[in-house]
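What follows is each chain in one-letter form.
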Amino acid sequence: MNSRAIAKTRRREVAPEAAGRPARLLEWYDRHRRRLPWRPPAGECADPYSVWLSEIMLQQTGVKTVGPYFEKFLARWPDIAALGSASLDEVLRMWAGLGYYSRARNLHACAVKVLRDHGGAFPDTEQGLQSLPGIGPYTAAAISAIAFGRRTMPVDGNIERVVSRLFAVEEPLPQAKPLIQQLAATLLGANEMEARGGGEESRVGDENSRAGDSAQALMDLGSSICTPKKPACALCPLNDDCAARVRGDQESFPRKAPKKAGALRRGAAFVVLRGDRLLVRTRPEKGLLGGMTEVPGSDWRAAQDDKTALKQAPELKGIARWHRKAGVVTHVFTHFPLELAVYTAHAPARARAPAGMRWVPVATLDDEALPNVMRKVIAHGLGDRSPHADRNHRGGARSGVRS
DNA sequence: TATCCGTGGTA
DNA sequence: TTACCAAGGAT
């Protein structure tokens with residue numbers, strides 16, 4: 001018996017409902033798939049560049065947030081050659097506000113590498129894709145399935161949740177990842193060539209499947225029906241044989257090990273004006289907010305007081321009169337909360353910028369690669385009078401200012 | 001393996 | 001308000 005015959009035999013041995021899952025999933029997807037900027041009309045394969053760009057932006061970032069950035073990037077750089085020819089600085093400026101800035105650096109590095117090493121065409125295998133900057137196991141599988149039709153199942157946070165519920169996976173994340181990956185793969189439809197009887201050229205694990213649709217179906221399902229809280233199980237195409245639903249504790253999946261919170265860090269930031277120009281510098285390439293623009297300031301340490309922080313401005317010694325703005329700017333990063341005291345000062349008309357710093361017109365701050373925490377600092381330092389004030393101002397602590 | 005990377009939405 | 005979550009990757 002050859003391997004294909006064995007695979008078919010095994011498929012018949014599974015329970016009828018379970019065997020029907022891939023088909024039910026795709027039928028649901030064909031009726032309810034979301035229309036998204038990076039998705040072509042049903043039945044068409046998306047181009048690898050669009051798939052790649054959207055997948056990088058969507059890493060740990062919501063669909064709604066990504067939309068405008070994707071459109072903006074695609075309009076500015078319609079293909080890999082255009083993006084690979086752009087400067088890293090311009091890419092970072094366009095990325096500003098989207099977060100996880102190493103993604104932008106890797107995006108640019110990846111475009112350059114695809115042009116230089118692959119003649120401008122993305123590799124069409126998972127292994128080849130994973131060798132590129134910013135592309136890990138998930139993204140390689142996603143591009144492979146969605147853009148190239150390879151029969152593979154990318155597993156993201158949505159799919160982890162759907163699958164852990166469907167099979168009532170008791171093992172907590174992240175230990176359960178390999179098991180969930182294996183279970184998720186059972187939701188892939190049969191290779192179409194094989195399902196039709198196939199020719200010798202059809203191989204399991206190769207193209208001609210709707211793997212991309214199966215994966216996106218699970219993602220849509222996870223985001224609209226199998227939600228973290230109060231899942232709408234009545235609308236789910238897989239509700240018949242969902243193990244967690246049978247038990248009635250859907251929301252308790254996926255199991256997760258508790259995580260600890262980071263300690264509060266404090267520091268000072270200096271908003272120095274020379275006429276209508278602001279003193280800024282560029283952060284180091286690596287690490288937190290790498291390569292982004294900031295105003296000078298102290299480092300950020302646990303439980304640091306203002307006076308200690310103020311002493312960390314030796315470059316700014318020439319400035320005589322500091323004014324300490326009331327309140328502090330607050331910001332919460334993934335792994336620690338931050339409080340920044342803001343000091344303002346005015347420099348003489350012809351004052352030179354200290355080494356490594358530069359004066360930029362306040363009017364063109366939108367062109368800088370400014371992370372949100374710096375937008376908050378500048379808005380606070382300027383007294384919220386500029387058009388660059390915190391765009392999320394709704395009052396309360398989330399406005400970024402607290403007394 | 002655990003930690004480090006932003007930001008916005010949600011209940 | 002707080003805590004969690006979101007189409008993860010690099011080290």
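Since the structure is predicted, the reported quantities are computational estimates derived from the model, not experimental observations. (Residues numbered from 1 in each chain as written. Chains lettered and ligands numbered in written order. Predicted model: local features only at pLDDT ≥ 70, side-chain atom pairs only at ≥ 80, totals over all residues. Heavy atoms only, no water.)

**Things to note about the overall build of chain A**
Phase 1 of the analysis: Of the regular secondary structure elements, chain A holds 16 helices and eight strands.
Phase 2 of the analysis: Relative to its 403 residues, chain A shows a buried fraction of 48%.
Phase 3 of the analysis: Considering only contacts in chain A between residues 6 or more positions apart, those separated by 24 or more positions represent 66%.
Phase 4 of the analysis: Surface summary for chain A: the accessible area is close to 20,700 Å², and the carbon and sulfur share equals 53%. (Helix = DSSP H or I, 4+ residues; strand = E, 2+ residues; numbered from the N terminus. Buried < 20%, exposed > 50% of the residue type's maximum accessible area, 1.4 Å probe, protein only. Contact = heavy atoms within 4.5 Å. Areas by Shrake-Rupley, 256 points an atom, 1.4 Å probe, with all protein chains shown as cover.)

**Regarding the protein's contact with DNA strand B**
Phase 1 of the analysis: Taken together, 21 residues lie near DNA strand B, and Tyr101, Leu289, Thr334, His335 and Asn372 sit nearest.
Phase 2 of the analysis: In DNA strand B, atoms within 4 Å of the protein come 61% from sugar and phosphate.
Phase 3 of the analysis: Residue assignment for the surface near DNA strand B shows that the elements contributing at least two residues are strand E5 (323–332) and helix H16 (372–381).
Phase 4 of the analysis: Counted by class, the surface near DNA strand B contains nine nonpolar, 10 polar and two charged residues. (Near = heavy atom within 4 Å. Nonpolar A, V, L, I, M, F, W, Y, C, P; charged D, E, K, R; others polar.)

**What about the pattern of salt bridges?**
Phase 1 of the analysis: Summed over all chains, the structure comprises 20 salt bridges.
Phase 2 of the analysis: With a shortest N-O distance of 2.8 Å, arginine 34 and aspartate 220 are connected by a salt bridge. Taken together, the positions of arginine 34 in the loop between helix H2 (16–32) and helix H3 (48–57) and aspartate 220 in helix H13 (residues 211–224) put the pair 186 residues apart, joining distant regions of the chain.
Phase 3 of the analysis: Arginine 34 gets classed as partly exposed once you look at its relative accessible area, which sits at 26%.
Phase 4 of the analysis: Beyond isolated ion pairs, a larger network of salt bridges with shared partners links Glu170, Arg247, Asp249 and Arg255. (Salt bridge = Lys/Arg side-chain N within 4 Å of Asp/Glu carboxyl O.)

**Considerations on the layout of surface pockets**
Phase 1 of the analysis: Looking at the second largest pocket, its volume works out to about 990 Å³.
Phase 2 of the analysis: Going through the elements one at a time, H3, helix H9 (137–148), helix H10 (157–166) and H13 are the ones with two or more residues in the lining of the second largest pocket.
Phase 3 of the analysis: The element that contributes the greatest number of residues to the lining of the second largest pocket is H13, accounting for five residues.
Phase 4 of the analysis: For the lining of the second largest pocket, a count of residues per class yields 16 nonpolar, 13 polar and 10 charged. (1 Å grid on protein atoms, 1.4 Å probe; cavity = no way out; pocket = protein on both sides within 12 Å on 5 of 7 lines; lining within 4 Å. Points joined across faces, edges and corners; volume = space filled by probe spheres on them.)

**Thoughts on the protein's contact with DNA strand C**
Phase 1 of the analysis: Taken together, 25 residues are adjacent to DNA strand C, and Gly134, Thr139, Asp156, Asn158 and Arg161 come closest.
Phase 2 of the analysis: Sugar and phosphate atoms constitute 63% of the interface atoms of DNA strand C, taking the interface as everything within 4 Å of the protein.
Phase 3 of the analysis: Here a phosphate oxygen of DNA strand C sits 2.6 Å away from a polar atom, N or O, in the side chain of threonine 139.
Phase 4 of the analysis: Glycine 157 is positioned such that a nitrogen or oxygen atom in its backbone is 3.2 Å from a phosphate oxygen of DNA strand C.
Phase 5 of the analysis: For the surface near DNA strand C, the secondary structure elements donating two or more residues are H9 and H10.
Phase 6 of the analysis: Class assignment of the residues belonging to the surface near DNA strand C gives a composition of 10 nonpolar, eight polar and seven charged. (Polar contact = N/O pair within 3.5 Å; in protein donor to acceptor, adjacent residues only side chain to side chain.)

**Examining the nonpolar core**
Phase 1 of the analysis: Of all hydrophobic cores here, the largest spans 63 residues; its most connected members are Trp52, Met57, Phe73, Trp95, Leu107, Ile135 and Leu278.
Phase 2 of the analysis: For this core, the element with the highest residue contribution is H3, accounting for six residues.
Phase 3 of the analysis: Viewed by domain, this core spans two of them, domain 1 (3–252) and domain 2 (265–402), each represented by three or more residues.
Phase 4 of the analysis: Excluding anything up to four places from it in sequence, leucine 278 contacts Val271, Val272, Leu273, Val295, Arg358, Trp359, Val360, Val362, Leu365 and Ile378.
Phase 5 of the analysis: Among the nonpolar cores identified, the runner-up in size contains 32 residues, and Leu25, Ala168, Met219 and Ala244 belong to it. (Core = buried A, V, L, I, M, F, W, Y, C linked by side-chain atoms within 4.5 Å. Domains from an automatic or database assignment.)

**Regarding the environment of glutamate 294**
Phase 1 of the analysis: Position of glutamate 294 relative to the elements: it lies in strand E3 (residues 293–294).
Phase 2 of the analysis: When the C-alpha atoms of glutamate 294 and arginine 281 are compared, they prove to be 5.6 Å apart, with 13 residues separating the residues in sequence.
Phase 3 of the analysis: Not counting residues within four places of it along the chain, the set of residues in contact with glutamate 294 comprises Val280, Arg281, Arg283 and Met374.
Phase 4 of the analysis: At a separation of 2.8 Å, a polar atom in the side chain of glutamate 294 contacts the side chain of arginine 281.
Phase 5 of the analysis: In terms of polar contacts, glutamate 294 uses its side chain to reach the side chain of arginine 283, at 2.7 Å.

**Observations concerning empty space enclosed by the protein**
One water molecule sets the probe size; rolling that probe over the atoms shows where empty space is left.
Phase 1 of the analysis: Inspection of every chain in the model, using the stated rule, returns three cavities of 30 Å³ or more.
Phase 2 of the analysis: Reported here for the largest cavity is a volume of approximately 130 Å³.
Phase 3 of the analysis: Lining of the largest cavity is provided by 14 residues; of these, Arg165, Cys226, Cys233, Cys236 and Cys242 occupy positions nearest its centre.
Phase 4 of the analysis: Grouping the amino acids of the lining of the largest cavity by side-chain chemistry returns 11 nonpolar, two polar and one charged.

**Some remarks on the confidence of the model for chain A**
Phase 1 of the analysis: Per-residue confidence for chain A averages 86 on the pLDDT scale, and 85% of its residues sit at or above 70.
Phase 2 of the analysis: With pLDDT under 50 throughout, residues 1–14 is counted as low confidence; its partners more than four residues away or in other chains account for 10 contacts. (pLDDT = per-residue confidence, 0-100.)

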